[in-house]
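A look at the structure
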Amino acid sequence: MRSYGCQMNVYDAARMTDLLAQEGYAAASREEDAELVVLNTCHIREKAAEKIYSELGRLAELKKERRAEGRNFEIVVAGCVAQAEGELVMRRQRAVDLVVGPQSYHRLPALLKEAREGARVVDTDFAVLEKFQTLPAPTRPQIAARGVSAFVTVQEGCDKFCSFCVVPYTRGAEISRKVEDVLKEARRLVDGGVREIVLIGQNVNAYRGEDEAGRATPLEGLFERLSEFKELTRLRYTTSHPVDMTQGLIDAHGSLEKLAPFVHLPVQSGSDRVLKEMNRRHDARLYLDAIEKLRRARPDIAISSDFIVGFPGETEADFEATLALIDAVGFASSFFFKYSPRPGTPGAERSDQIDEVIKRERLARLEARVEAPRRDFNAGMVGRTVEVLFEKRGRHVGQIAGKSPYMQAVHVEGDEREIGRLRSVRIVAAGSNSLSGEIVEAREFA
Ligand code: SAM
Ligand code: SF4
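Because the structure is a prediction, the values reported are computed rather than measured.

In the vicinity of ligand 2, the contacting residues are Cys158, Lys160, Phe161, Cys162, Phe164, Cys165, Val167, Pro168, Asn203, His241 and Arg280. Of the residues that constitute the shell around ligand 2, the class distribution is seven nonpolar, two polar and two charged.

Below, the structure written as structure tokens:
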């Protein structure tokens, strides 16, 4: 099982693994030993999608070798490339046995059977609710093997239609899972040893799931319920859209102790003109206001963002507005991308595409601009005491590693029994990508 792209895909890959385990499959440690390879693909940028075809070329060779040895070797293409390109995937690479989209992978066992009977199977239905109803729950050993932090998809799809983005086409319309279903899944994870749950969705803060009484419940309602799980020590969510950053959710950052003081809130651009053409439904003001309110509710909150440079028509002045917004916010971390025209999206149709050289140059300037606040943020951790959830052994003997509330890797000298626990740690040094510290308090939060 190989997964590319976002957290939603990581979650889907785990669910497909659980489903295939029921069919008698176990994860192969090396590709050469596999009888079935599932590529869970990403279509967000051209590079991500094209990479899949070179991977498939390699797998096709491997399949030929295996077949010559009389062994089984099946190739499944899942995820967003499967959804967007369907039939075309098989036409471009004939060695592919099965194509299945992100909303119908629960049918994988039946589809594999059809494929083995000789059919060329492509399933790109949007069967989201059926999917969640029929997927098997992971077993305790499966949960334990995946560590103390787990994703739970609570919301699927997107109705926003930003003019650069394929997600509304590959993942379909926005749908929220029921509160009860989410709690049931969370309970199982917690019983299996999970201590941190990350609620995920393309627009997770647009979540409006029905509770037991049929009332629409916002994301903070889920956090309130999850906060009651004694063993759960930390809650997170990603990815949020600025227009769905409601006062209720902002207030939850002030009132719910377990909710990590960290929000990934992509802005994409700091230019109102570009934001409008991106169909983002917000301007820079709305974004800055949301940040201000979050900081008022929870003064130690940190913010990260996504940026796109070189959207069609982006001028130097537009780009500078993005740099100004970066300076105004001081992001703890950022992800930045060159605009990639995606087939079927309005942005791709435009005649004012930005030259690749300019995109590259702007990306480098943006990278330089976000680096200083990121480094300052990390350096500013030294001397602070923060809660660290320990996740695994460190690189050296006697060392354990965990995450700060701000997603920074933290290493300490400590006992392996601390793995799965949340501890107060005093940060003593900051490297470029990780922190080191000392456990200052034996108090367990759970
Ligand atoms: N729903 C989220 C949002 O609104 O921010 C995340 C969507 S996407 C999986 C993650 C990021 O990929 C986006 O925030 C955007 O920065 C980037 N992205 C999406 N489409 C892109 C494109 N055509 N070219 C470059 N980057 C893109
Ligand atoms: Fe894509 Fe915009 Fe939806 Fe995010 S909100 S998934 S960027 S269309």
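What follows picks up the thread again.
Before going further, it helps to spend a moment on the packing of aromatic side chains. For the structure on display, the rule yields six aromatic pairs. Arranged with centres 5.5 Å apart and planes meeting at 75°, the rings of phenylalanine 161 and tyrosine 169 form a pair that is edge-to-face. Its relative accessible area of 37% is what places tyrosine 169 among the partly exposed residues. Taking the centre distance of 6.4 Å and the plane angle of 45° together, the rings of tyrosine 287 and phenylalanine 331 count as tilted. In this pair, tyrosine 287 is assigned in helix 13 (residues 284-297) and phenylalanine 331 in the loop between helix 14 (316-329) and strand 15 (333-338), connecting sequence segments 44 residues apart. As far as burial versus exposure is concerned, tyrosine 287 and phenylalanine 331 are alike and both buried. By way of ring pairs, the aromatic residues Tyr287, Phe307 and Phe331 are connected into one cluster. Here the guanidinium or amino end of arginine 92 rests over the ring plane of tyrosine 53, the centre of that ring lying 3.6 Å away. Above the face of the phenylalanine 229 ring, arginine 187 is positioned so that its terminal group lies 4.5 Å from the ring centre.

Looking at ligand 1, there are 15 residues lining it, with Phe164, Gln202, Gln268, Asp306 and Ser340 nearest. A distance of 2.9 Å separates a nitrogen atom of ligand 1 from a polar atom in the backbone of phenylalanine 164. Between ligand 1 and arginine 280 there is a distance of 3.2 Å, counted from an oxygen atom to a side-chain nitrogen or oxygen. Grouping the amino acids of the shell around ligand 1 by side-chain chemistry returns six nonpolar, four polar and five charged.

Reading guide: rules and limits
Residues numbered from 1 in each chain as written. Chains lettered and ligands numbered in written order. Predicted model: local features only at pLDDT ≥ 70, side-chain atom pairs only at ≥ 80, totals over all residues. Heavy atoms only, no water. Near = heavy atom within 4 Å. Nonpolar A, V, L, I, M, F, W, Y, C, P; charged D, E, K, R; others polar. Phe/Tyr/Trp six-rings, centres within 6.5 Å; stacked < 30°, edge-to-face > 60°. Buried < 20%, exposed > 50% of the residue type's maximum accessible area, 1.4 Å probe, protein only. Helix = DSSP H or I, 4+ residues; strand = E, 2+ residues; numbered from the N terminus. Lys NZ or Arg CZ within 6 Å of the ring centre and 35° of its normal. Polar contact = N/O pair within 3.5 Å; in protein donor to acceptor, adjacent residues only side chain to side chain.

The values reported here are purely geometric and, on their own, carry no functional implication.
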